[in-house]
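Analysis of the macromolecular model
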Amino acid sequence: QARRLDGIPTTIFSTMSALAVRTGSVNLGQGFPDVDGPPGVVEAAVGALRAGQNQYAPGIGTPDLRAAIAAHQRRHYGLDLDPDREVVVTTGATEGIAAALLGLVDPGDEVVVLEPYYDSYVAMIAFAGGVRRPVTLRAPGFRLDPDELRAAVTDRTRLLLVNTPHNPTGTVLGRAELQAIADLAVARDLVVVTDEVYEHLVFDDHEHVPLATLPGMAERTLTLSSAGKMFSFTGWKIGWATGPAGLVGALLGAKQWLSFSSGTPFQAAVAHALEHEAGFYDELTASLQKRRDLLCAGLAELDVDVRVPEGTYFATTDVRRLGWEDGMAFCLALPERAGVVAIPAQAFYDDLDEGRHLVRWAFCKEPDVIEEGLRRLQAAD
Ligand code: PMP
Ligand code: GLN
């Protein structure tokens, strides 16, 4: 294999989901819902398939979907985008991340990234020849320290790669944290790529504020999102990027050589979803919040040290109180011990002192699945 793959492991999600299948475990690892999104959206996909929308879409995305994405950004956030120049459809946010980094980062450029980080960021920074500069959201609160952020920026910094709501910690960056990012980006004239795939999955009275809405940020921010998380169709792999034409153009310049274009009938269905199913993500968030509470209360009862997340699909725990120092060892033993799969968060850290003992649990599962997982954990103790 090529040297660019040296040091790049198999993604933890493949490893742990394969382990779940092999051991018949309850999969509280990989973040995908076990109930599909709205039936009307499935019908829209079927309709598009039957109507012959089965050939290549334009690389930038279908006009209908780009218009629907621009309308979504205007409706929710007051952002005005030209759908022909400032919106691009991607094959999941995963391709958005890849194309953004390949399109914007030169070899040797530094990329400041929040740690723990989504694992594809590391692989894609490396593929682009960039150097990652992690800024740790420290336990137990997993907040962003503006001083640490400022200290990570050097003359070689090309961009800040942000993620809010944040996987795996469930932190939703607040206005002060976002303002610190914006102040730094403006002062140092940096580009910001912000992964906001969980934008609607925010609990209690927390609020998702897109970085692009802060003063001075619209012109330097590339925002990524995805229908996978918004509408519970993770297998469709339809995502998008929005931002100024120059940044969107750089992303598209790379994307055209990756997938060229994204699945045509799914684009039609996601355009329909954005236009007609906005109620879905509010209901999803309400039900996810209950499932968050179910999982977190259950884990707390088992004396797991759990931090209740503000958003996303995930709760992060410290397993030391259970007598485990190493979350990887804990997660590799758990299928045999208990018939449950979770994700060792150390896969998302450079600094193992911070991440070694952390384990991520997904609650985007049906309540009976979460309850079964908790029963199994209890029986194992
Ligand atoms: N970013 C984050 C933070 C994620 O958790 C995920 C997983 N959904 C992705 C990007 C990838 O999104 P997609 O499935 O649309 O490729
Ligand atoms: N985003 C999901 C997670 O964090 C799954 C992504 C993947 O499997 N690549 O679990």
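Residues numbered from 1 in each chain as written. Chains lettered and ligands numbered in written order. Predicted model: local features only at pLDDT ≥ 70, side-chain atom pairs only at ≥ 80, totals over all residues.

- An unreviewed UniProt entry lists the protein under the name Putative succinyldiaminopimelate transaminase DapC, from Nocardioides guangzhouensis.
- Turning to the protein, the UniProt record has this under Cofactor (unreviewed entry): "pyridoxal 5'-phosphate".
- Reading the Sequence similarities (unreviewed entry) entry of the UniProt record for the protein gives the comment "Belongs to the class-I pyridoxal-phosphate-dependent aminotransferase family." (UniProt positions renumbered as here; feature names shortened; annotations may be inferred.)

1. Some points on the site of ligand 2
- The environment of ligand 2 is made up of T11, F13, Q30, G31 and N167.
- Here the shell around ligand 2 is composed, by residue class, of 1 nonpolar, 4 polar and no charged. (Near = placed C-beta within 6 Å. Nonpolar A, V, L, I, M, F, W, Y, C, P; charged D, E, K, R; others polar.)

2. Concerning the site of ligand 1
- Close contacts around ligand 1 come from 14 residues, with G92, A93, T94, N167 and S226 the closest.
- Counting residues per element, the ones that place at least two in the shell around ligand 1 are α4 (92–104) and α8 (227–230).
- Considering each element in turn, the shell around ligand 1 owes the most residues, 3 residues, to α4. (Helix = DSSP H or I, 4+ residues; strand = E, 2+ residues; numbered from the N terminus.)

3. Some details on the packing of helix α11 (residues 278–301) against helix α14 (residues 367–380)
- Closest axis-to-axis distance for the α11/α14 pair is 10 Å, and the angle between their directions is 5°. When the axis of α11 is compared with that of α14, the two are roughly parallel. Across the interface between the two elements, R291, L294, L295 and G298 from α11 touch P367, I370 and L374 from α14.
- Partitioning the contact of α11 with α14 into residue classes produces 5 nonpolar, 1 polar and 1 charged. (Axes fitted to C-alpha atoms, helices over the stretch in contact; angles between N-to-C directions. Parallel < 35°, antiparallel > 145°, perpendicular 65-115°, else oblique. Contact = placed C-beta atoms within 7 Å.)

4. Observations concerning the environment of R150
- For R150, the position within the fold is in helix α6 (residues 146–152).
- Through-space distance from the C-alpha of R150 to that of V112 is 9.9 Å; in sequence the pair is 38 residues apart.

5. As for the pairing of strand β2 (residues 87–90)
- Covered by surrounding structure in β2 are V87 and V89 together with V88 and T90, the residues of both alternating faces.
- Pairing between β2 and strand β8 (residues 239–242): 4 bridges, direction antiparallel. In the sheet register, T90 faces β8, and the bridge partner there is G239. (Buried ≥ 20, exposed ≤ 12 C-beta atoms within 10 Å, placed from the backbone. Pairing = 2+ DSSP bridges.)

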